[in-house]
Structures are given as structure tokens and as C-alpha cells.
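# Reading the structure
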Amino acid sequence: MAYQEGVAIRNAQLSAKATAIGASGTLKIFTGAEPANCAAADPAGLLCTIALPASPFAAPSAGSMAKASVWSVAAAATGTAASFRIYDGSAVCHMQGAIPADMTLDNTSIATGQTVTVNTFTLTAGNA
């Protein structure tokens, strides 16, 4: 039988992620591919930087946690969104992923000045 964790542990893991990002986190969207890990340099082609709300995620429930509120900003550059990173207020990368596999936008083909909006982003704790 495979190792499993209960919902309370899974929800606590998700709450810890939200706490690490804090109340002044940012999301950056890039044209470059997702790096090997968060310790690697940022990908090429920064398209936009979104200041996340003070409470960027809804409360975890049943081992998953979705973005809260609206995440959007006017793009600073033109290109096709390929990856993202989420940082805390001290610019430490805490998570990253691929677009659209891990996060969906209203439009991945971005032009300078266009409003970029994150449609969906949900974290799910493993070992259900």
C-alpha cells in the first residue's frame, strides 16, 4: 500500500506555502522555459510582474488551494507566456511552473500594455 496523508496535513502544507509567500508576494510571467528549480536564474523574457493580493490564496480545503481575488496587470513586454515564478516580498522564488500546464492566463499571446489576467491557479497537496 502507498503512503498517504490525511486532509488536515495536506491543508497545513498548503497553508505553509501561502505563509512563505506572505502578504507582499509577486508573480512574474516569462517567455522562457521553466528553469530546473527555484534556485536557478530567472527565465528569459519577463513579460509582466503582478503584485499579488495580501491574501493571494483561498483557505485550503480537501487538500487543494486556489488563487483568491484577481491577479492581473498591464504587460511590460510582448511575447508568448511559457513559465511563471512566485516570489515573496524579499524576491525569493518559492514556486515556479509552466504556462498553461500549471497556470492558465486569459491569453498567452501577450502584447505590451495588454492586461494579463491569471484565470486559474490551484495548488494541490499530494499523497491523498
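Here is a short report on the structure shown in this document. Note that this is a predicted model, so its numbers are computed, not measured.

Quick look at helix α1 (residues 7-21) now. Helical periodicity: at 3.6 residues per turn, an α-helix aligns residues three or four positions apart in one direction. The end-to-end C-alpha separation of α1 is 22 Å, in line with the 21 Å expected for 15 residues at 1.5 Å each. Listing the buried residues of α1 in full gives Arg10, Asn11, Leu14 and Ile21. Looking down the long axis of α1, one finds its buried residues gathered within 95° of arc, a one-sided arrangement. α1 presents Ala8 and Thr19 as exposed residues on the side facing more than 90 degrees away from its buried surface. On its buried face, α1 is in contact with β3 (64-66), β6 (83-87), β7 (93-98) and β11 (122-124). Looking one or two residues beyond α1, the residue adopting positive phi is glycine 22, at roughly 80°.

The next thing to look at is the environment of alanine 39. With respect to the helices, strands and loops of the structure, alanine 39 is situated in the loop between β1 (26-30) and β2 (46-51). Along the sequence, alanine 39 and cysteine 93 sit 54 residues apart, while their C-alpha atoms lie 7.4 Å from each other.

It is worth spelling out the sheet that holds strand β10 (residues 115-120) at this point. Spatial ordering of the open sheet is given by β4-β10-β8, a layout of 3 strands whose pairing is antiparallel. Looking at which strands have only one partner, the edges of the open sheet turn out to be β4 (72-74) and β8 (104-105). In this sheet, β10 lies alongside β8 in antiparallel orientation, the contact comprising 2 bridges. Looking at the pairing, threonine 104 lines up with threonine 120 of β10.

In this structure the tally under the stated criterion is 1 salt bridge. Ionic pairing is found between arginine 85 and aspartate 42, a salt bridge with its closest N-O pair at 2.7 Å. Separated by 43 residues along the polypeptide, arginine 85 in strand β6 and aspartate 42 in the loop between β1 and β2 bring together distant segments of the chain. The partly exposed category is assigned to aspartate 42, whose relative accessible area is 37%.

The rules behind each value
- Counting starts from 1 at the beginning of each chain's written sequence and moves along it residue by residue.
- The model is predicted, so local features are restricted to residues of pLDDT at least 70 and side-chain atom pairs to those at 80 or more, both for listing and for counting; the totals for chains, interfaces and linings are taken over all residues.
- Water and hydrogen atoms play no part in the side-chain values, which are based on all heavy atoms of the structure.
- The helix and strand labels rest on DSSP assignments: H or I over at least four residues marks a helix, E over at least two residues marks a strand, and numbering proceeds from the N terminus.
- Multiplying 1.5 Å by the helix residue count minus one yields the expected span of that helix.
- Throughout, exposure labels follow a simple rule: accessible area from a 1.4 Å probe, protein chains only, divided by the maximum for the residue type, with under 20% read as buried, over 50% as exposed, and the rest as partly exposed.
- Arc definition: directions from the helix axis to the C-beta atoms.
- Two residues form a contact once any of their heavy atoms are found within 4.5 Å.
- If DSSP finds at least two bridges between two strands, the strands pair.
- For salt bridges, the criterion is a side-chain nitrogen of Lys or Arg within 4 Å of an Asp or Glu carboxyl oxygen.

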